[in-house]
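In case you want the letters, here they are:
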Amino acid sequence: VAGAPGTRRVQFVVLMLGELDEARHVTRWGTVWEAPDAAAKPVFTPFTAGMRATIRDWLTAAFRAAADAGLEVSVLCQVDAAETGAVQDWRNFFEFDPTAALAGGSYESAVLGPVLEALDAATPRGARVELAVEGEMGRTLFTHPAKWRQIIARLKSAPGREAWRVGISANYENVAGGTKPDASPAAERQALVAAADFVGLSCYAKAGAEPTAKDFADCVEKFAAEWAAAGCAIPPGKPLRFTELGLGGGGFDDEWQLRLPAPRLDRM
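Residues numbered from 1 in each chain as written. Predicted model: local features only at pLDDT ≥ 70, side-chain atom pairs only at ≥ 80, totals over all residues. Heavy atoms only, no water.

Peer 1: Tell me about the packing of aromatic side chains, and name the residues and values.
Peer 2: Aromatic ring pairs: the centre-centre distance and the angle between the two ring planes describe each pair. This model, assessed by the stated rule, comprises 11 aromatic pairs. On the basis of an interplanar angle of 40 degrees and a centroid distance of 5.3 Å, the ring pair of F142 and W227 is categorised as tilted. Placement of the pair is F142 in helix α3 (residues 138-143) and W227 in helix α6 (residues 213-229), with a sequence separation of 85 residues. Judged by its relative accessible area of 2%, F142 falls in the buried class. By relative accessible area, W227 is classed as buried at 2%. One aromatic cluster in this structure is built from W29, F96, Y107 and W148. R241 extends its terminal NZ or CZ atom over the ring of F198, reaching a point 5.6 Å from the ring centre. (Phe/Tyr/Trp six-rings, centres within 6.5 Å; stacked < 30°, edge-to-face > 60°. Helix = DSSP H or I, 4+ residues; strand = E, 2+ residues; numbered from the N terminus. Buried < 20%, exposed > 50% of the residue type's maximum accessible area, 1.4 Å probe, protein only. Lys NZ or Arg CZ within 6 Å of the ring centre and 35° of its normal.)

Below, the structure is given as structure tokens:
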């Protein structure tokens, strides 16, 4: 692992899969794994102990390479919809309690667990690590804020993580994933934002053909305004992070399939 001159940090995006029912509730966690028949295509498989250990070992090797290169490690955890579910949709609309045990384990154990174990094994004790426990997953954040806050408290309280910064992240718009502001008590949402060391955003707002600083400032202002409208304003001085950044010319066709380059200017 090597960065450009002056690079201090490298970010890893860890993406797992969730299988959805018709109501967009996650029924089980897993990933695309080798099929029993070596000639067959890989298939969605709920987490097993062996799979979890393999993923942990892969992540440990990657994080250790970064640490050995003198880079701080930053991790963004996300999920996508498995093709085997009743529906496929954007992670922002997934409904799940991150501590509830499903087939393959809970989000906390199956998705975050291998990441945490790998970070503990690969980074020196007391190292600066930055972790977004999720990204673009507004429905679960706003429906289960107390559970997410408990997760943040648990993982930060472990010995050796004193220098870790742990945060939450959301899309630049529709931060609540379609939930109403009263999906959970306002005090619980406010406590979650307060507990996070930073608030991240996926910065995919439209920008000019030559992006300017104002394009990004406008995106941040829109993002912050949605949090305030939901009754959990981002406190002054709370660090912000661009946990995702999109620059390009992609867009949707008439069937709303993503294409690159965009076939229509108004769908970019």
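Peer 1: If you had to explain the sheet that holds strand β6 (residues 165-171) to someone new, which residues and values would you point to?
Peer 2: Reading across from one edge, β3-β2-β1-β4-β5-β6-β7-β8 is the order of the eight strands in this open sheet, with mixed pairing throughout. Of all the strands in the sheet, the pair left with one neighbour each is β3 (43-46) and β8 (240-245). Along the sheet, successive strands turn relative to each other by an average axial angle of 35 degrees, direction set aside. (Pairing = 2+ DSSP bridges. Axes fitted to C-alpha atoms, helices over the stretch in contact; angles between N-to-C directions.)

Peer 1: Outline the pairing of strand β5 (residues 129-132), listing residues and values.
Peer 2: Every second residue of β5 is oriented toward a common face, with V129 and L131 on one face and E130 and A132 on the other, all of them buried. Taken together, the four bridges between strand β4 (residues 72-81) and β5 define a ladder with parallel strand orientation. Within β5, the residue paired with V75 across the bridge is L131. Crossover handedness for the path β4 to helix α2 (residues 107-122) to β5: right-handed. Bridge analysis of β5 against β6 gives three bridges, and the strand direction is parallel. Each bridged residue has a counterpart across the sheet, and for E130 the counterpart in β6 is R165. (Right-handed = clockwise from strand over helix to strand, strands pointing away.)

Peer 1: Lay out unusual backbone geometry in plain terms, naming residues and giving numbers.
Peer 2: Although it is not a glycine, E136 adopts a positive phi angle of roughly 55 degrees. Of note, E136 is situated in the loop between β5 and α3. One non-glycine residue, N174, adopts positive backbone phi at about 55 degrees. With respect to the helices and strands, N174 occurs in the loop between β6 and α5 (186-195). Residue class for N174 comes out partly exposed when judged on its relative accessible area of 29%.

All we've got here are geometric facts, nothing functional implied.
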